[in-house]
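Single-letter residue listing:
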Amino acid sequence: SGDGGARGARGARASAVGRGDAEGAEGFAAEATRADPNLGAAWRVLGDARFAAGRLEDACDTYAKALRLLARPGVPYHRAAPPQLYLRAAALALR
């Protein structure tokens, strides 16, 4: 799990979302969250895929899960939630 899972989640996002394949990215990220439900990076990728697919309510819920995992005490700074994740989640919550 650990760092390898995070790299896999980032790789899925970079390849699938980068190609505009929100459905493919969502599949990869959903698989990663099933493999390690505590992997905040995978939940973030899943939120990005749902956002790209226009499923805003699902994206908002998924980003909230990612934020809970990435903002908890003890998460190393380099794995913490990036500021843009907070902004996107807040924007969706305000819709």
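Residues numbered from 1 in each chain as written. Predicted model: local features only at pLDDT ≥ 70, side-chain atom pairs only at ≥ 80, totals over all residues. Heavy atoms only, no water.

> I would appreciate a short explanation of the packing of helix H2 (residues 22-35) against helix H3 (residues 40-52) in the present structure.
When two helices pack together, their arrangement is given by the angle between the helix axes and by the axis-to-axis distance. Axis separation between H2 and H3 bottoms out at 8 Å; the angle between their running directions is 155 degrees. What the angle tells us is that H2 and H3 run roughly antiparallel. In this structure, H2 crosses over H3, and the sense of that crossing is left-handed. Across the interface between the two elements, Ala 22, Ala 25, Glu 26, Ala 29, Ala 30, Ala 32 and Thr 33 from H2 touch Ala 42, Trp 43, Val 45, Leu 46, Ala 49, Arg 50 and Ala 52 from H3. The residue makeup of the contact of H2 with H3, split by class, is 11 nonpolar, one polar and two charged. (Axes fitted to C-alpha atoms, helices over the stretch in contact; angles between N-to-C directions. Helix = DSSP H or I, 4+ residues; strand = E, 2+ residues; numbered from the N terminus. Parallel < 35°, antiparallel > 145°, perpendicular 65-115°, else oblique. Left-handed = near helix turned anticlockwise from the far one by under 90°. Contact = heavy atoms within 4.5 Å. Nonpolar A, V, L, I, M, F, W, Y, C, P; charged D, E, K, R; others polar.)

> Before we go on, may I ask you to explain the side chain of Arg 50 in this structure?
Considering the arrangement of structural elements, one finds Arg 50 in helix H3. Only 2.6 Å separates the side chain of Arg 50 from the side chain of Thr 62, close enough to count as a polar contact. The contacts of Arg 50, once residues within four sequence positions are left out, are Glu 26, Arg 55, Asp 58, Ala 59 and Thr 62. (Polar contact = N/O pair within 3.5 Å; in protein donor to acceptor, adjacent residues only side chain to side chain.)

> I tried to follow the packing of H3 against helix H4 (residues 56-70) on my own but got confused; where do I start?
Direction vectors running N to C along H3 and H4 enclose 165 degrees, while the axes themselves pass 8 Å from each other. Here H3 is positioned roughly antiparallel relative to H4, judged by the angle of their axes. You can see that H3 and H4 cross each other, and the crossing is left-handed. Side by side, H3 and H4 meet where Gly 40, Ala 41, Trp 43, Arg 44, Leu 46, Gly 47, Asp 48, Arg 50 and Phe 51 of the first sit next to Leu 56, Asp 58, Ala 59, Thr 62, Tyr 63, Lys 65, Ala 66, Leu 69 and Leu 70 of the second. Considered class by class, the residues forming the contact of H3 with H4 number 10 nonpolar, three polar and five charged.

> I tried to follow the environment of Gly 40 on my own but got confused; where do I start?
Checked against the element boundaries, Gly 40 lands in helix H3. With a relative accessible area of 5%, Gly 40 lands in the buried category. Distance from Gly 40 to Leu 70, taken between C-alpha atoms, is 5.4 Å for residues 30 residues apart in sequence. If we ignore the near neighbours within four places in the chain, the residues touching Gly 40 are Ala 66, Leu 69 and Leu 70. (Buried < 20%, exposed > 50% of the residue type's maximum accessible area, 1.4 Å probe, protein only.)

> Please explain the pattern of salt bridges as it appears in this structure.
Working definition: two side chains of opposite charge can pair if their charged atoms are close together. Counted by the stated rule, this structure contains three salt bridges. Taking the shortest distance from any N to any O, the salt bridge between Glu 26 and Arg 55 comes out at 2.7 Å. Of this pair, Glu 26 sits in helix H2 while Arg 55 is found in the loop between H3 and H4, placing the two residues 29 residues apart along the sequence. Residue classification places Arg 55 among the partly exposed positions, given a relative accessible area of 33%. A salt bridge links Asp 58 to Arg 55; the nearest nitrogen and oxygen atoms lie 2.8 Å apart. Asp 58 sits in the partly exposed class, given a relative accessible area of 30%. Here the salt bridges share partners, and the residues they tie into one network are Glu 26, Arg 50, Arg 55 and Asp 58. (Salt bridge = Lys/Arg side-chain N within 4 Å of Asp/Glu carboxyl O.)

These results come straight from atomic positions and should not be treated as a statement about function.
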